[in-house]
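Here's the letter readout for the chains.
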Amino acid sequence: MVRIGTLLSLASAFLASEGAISGARAEDDFFGGKTITILVGNGPGGGYDASTRIFARHLAKHIPGNPTIVPRNMPGAGGLNLANTLYNVAPKDGTTLGVFAASIALEPIFGNSLASYDPGQFEWIGSLERDTPSCAVWKGAGQEIKTLDDLIHAKNTVIFGASASGATTSQHAMLLKRYFNAPLKVIYGFRGVNDVKLALQRGEVNATCGMLESTVRSVFMSEYKSGDLKIFVQFGPKRAVPFFGSATRLYDRARNEQDRLTFDVIFKQAELSRPFAAPPGVPLDRISILRKAMIETSRDPQLIADAAKVSIEYNPVPGEETHDIFASYASIPAETIKAARDLIEPE
């Protein structure tokens, strides 16, 4: 004979399991009929915009419920406006996401009072790509500059174009100026890589940083092949990028181990070339769905074929790894953070 207590226990367990299943089904069904807006922290036509829009075209079929995906550009302060909006204003339900530079995500760590967010509290979906940044010069800046040493010894000031002080277009140029005493000046206000490209072509600026391999391949490939655009320095912490040819590897020019640690603060996050975030507080079940969908989308043969047409490749960083990279900054000694900040802050 089965005891009444046993029956009640079995019934409770059954109801609990049914509740869990119902809850999981509710999360699986949440995105059905919804619209997910993906905010892009850069202007139209650049590497961030192109890679996000192609990705967005294929993302919905990998999310239960097949929601409508709408990319929308939100340029401003190099992506700072987007990060603030996503963290403080966007609905915390998974229907608003953002893609913006890792350097912008870390602005609070570097003391930017306008960055009203905690990078460790974003719900990181992952990063759409792993990549390596570099700096490039246009037609030798009229001084036959081809290498980092050529820049360092340039007789005339080299003008670099940048979007905002928190963007890699500014930070990496300022590092070259301060660490090597390179004769350069950074001017601001460009809305995206296409604005910088036009300024280079018009002779308004001579060079720019924040040049990811994917950006060069998708936006500057003809100019790169012709030699008008020359990559002269690259910033990968672990490896040289063959595509960048003979460009000097910054880490090979570090004077000591402490300088390498300082470089790590600036460039350890460099591989997160397209960080993909949700606001804090989005239910974790939905974050799991979005993280899984990001990885599945990156493997989608139709996505790969579409991206190949414009020389874009996706090599995603999973959400957990992306979170861990940003979280690791909390354990970096304050003096190392300060040394990095002193190298990259604007004049």
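Residues numbered from 1 in each chain as written. Predicted model: local features only at pLDDT ≥ 70, side-chain atom pairs only at ≥ 80, totals over all residues. Heavy atoms only, no water.

## A word on the side chain of Thr169
- With respect to the element layout, Thr169 can be found in helix 6 (residues 168-180).
- Judged by its relative accessible area of 14%, Thr169 is buried.
- Among the polar contacts listed, one links the side chain of Thr169 to the backbone nitrogen of Ser163, at a separation of 3.2 Å.
- Apart from residues lying up to four places away in sequence, Thr169 is in contact with Gly161, Ala162, Ser163, Thr208, Cys209 and Gly210. (Helix = DSSP H or I, 4+ residues; strand = E, 2+ residues; numbered from the N terminus. Buried < 20%, exposed > 50% of the residue type's maximum accessible area, 1.4 Å probe, protein only. Polar contact = N/O pair within 3.5 Å; in protein donor to acceptor, adjacent residues only side chain to side chain. Contact = heavy atoms within 4.5 Å.)

## Quick word on helix 2 (residues 47-59)
- Across its 13 residues, helix 2 extends 18 Å between first and last C-alpha, which sits within 8% of the 18 Å expected from 1.5 Å per residue.
- Counting buried positions along helix 2 yields 10 of 13 residues, so the element is predominantly enclosed.
- For helix 2, every residue scored as buried is listed here: Gly47, Tyr48, Asp49, Ser51, Thr52, Ile54, Phe55, Ala56, His58 and Leu59. (Expected span 1.5 Å × (residues − 1).)

## Structural notes on the packing of aromatic side chains
- Applying the stated rule across the entire model yields 17 aromatic pairs.
- Summarising the aromatic geometry, the rings of Phe55 and Tyr314 are spaced 5.6 Å apart at their centres and angled 50° between planes, so their arrangement reads as tilted. With Phe55 in helix 2 and Tyr314 in the loop between helix 12 (301-308) and strand 12 (317-318), this residue pair connects regions lying 259 residues apart in the sequence. Like Phe55, the residue Tyr314 is buried in the burial classification.
- Taken together, a centroid distance of 6.3 Å and an interplanar angle of 50° make the contact between Tyr87 and Tyr117 tilted. One end of the pair, Tyr87, is in helix 3 (residues 80-88); the other, Tyr117, is in the loop between helix 4 (102-105) and strand 4 (123-127), with 30 residues separating them in the sequence. The pair formed by Tyr87 and Tyr117 is uniform in burial state, with each residue classed as buried.
- Each member of the aromatic cluster is reached from another via a ring pair, and the members are Tyr87, Phe100, Tyr117, Phe122, Trp124 and Phe326.
- Taking the ring centre of Phe30 as reference, the NZ or CZ of Lys34 above it sits at 4.3 Å. (Phe/Tyr/Trp six-rings, centres within 6.5 Å; stacked < 30°, edge-to-face > 60°. Lys NZ or Arg CZ within 6 Å of the ring centre and 35° of its normal.)

## Points about the sheet that holds strand 5 (residues 134-138)
- Pairing within the open sheet is mixed, and its six strands lie in the order 7-6-8-5-9-10. One side of each edge strand has no neighbouring strand; the edge strands of this open sheet are strand 7 (184-187) and strand 10 (248-249).
- Bridging between strand 5 and strand 9 (residues 229-234) involves five bridges; their strand directions are antiparallel. Paired with Ser134 across the strands is Gln234, a residue of strand 9. (Pairing = 2+ DSSP bridges.)

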